[in-house]
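Remarks on the overall topology
Spelled out, the chains give:
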Amino acid sequence: MTSQHFIPETPEQISPEWLNSVLAGSDLLGNNRVLAVSRRVLGDGEGFVGDILRLTLTLDDADGSERTLVAKLPKLANRAVGELLGAYERESMFFETLLPTLPVQTPRLYHGDF
């Protein structure tokens, strides 16, 4: 999936504004907006072509609830290799085309871009 959205390259660039723009209308947010996001690196140094983050979103709903999701970003040091191998495109296409056909429980894609 490609879009006109900015693609964050660092964890700090995953802002509430960016999340609101790419997740608007999703069942993750409903009619709510993201007020704040905290980020925690998962498996530091484990991903070859990407960084993996756990995001905790604070929403503007009445009870101040939180939503948690995982984000994967291109690893800047290895981005050229990932692009050359088509790694980002293949992973995104997996979620778009194969995921609905799998008989096992898999993570849900809320936004993908490359």
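First, a word on scope: everything that follows refers to the structure included in this document. (Residues numbered from 1 in each chain as written. Predicted model: local features only at pLDDT ≥ 70, side-chain atom pairs only at ≥ 80, totals over all residues. Heavy atoms only, no water.)

Here we look at the sheet that holds strand β1 (residues 34–42)
As a general point, the strands of a sheet are linked pairwise by backbone hydrogen bonds and lie either parallel or antiparallel. Rules: Pairing between strands is defined by DSSP: at least two bridges between the two strands are required. The secondary structure listing takes helices from DSSP runs of H or I that are at least 4 residues long and strands from runs of E that are at least 2 residues long, numbered from the N terminus. The axes used here are C-alpha line fits, helices contributing only the stretch in contact, and every angle between their N-to-C directions lies in the interval 0 to 180 degrees. Any two residues whose heavy atoms approach within 4.5 Å are treated as being in contact.
What the 3 strands build is an open sheet, ordered β1-β2-β3; its pairing is antiparallel. Since the sheet does not close on itself, it has two edges, and those belong to β1 and β3 (66–74), each with one partner. Adjacent strand axes in the sheet meet at a mean angle of 30° when their direction is disregarded. One ladder, built from 8 bridges, connects β1 with strand β2 (residues 50–59); its direction is antiparallel. For Arg40, the partnering residue across the bridge sits in β2 and is Arg54. Where helix α1 (residues 16–23) meets the sheet, it contacts β1 and β2, and its direction lies at approximately 100° from that of β1.

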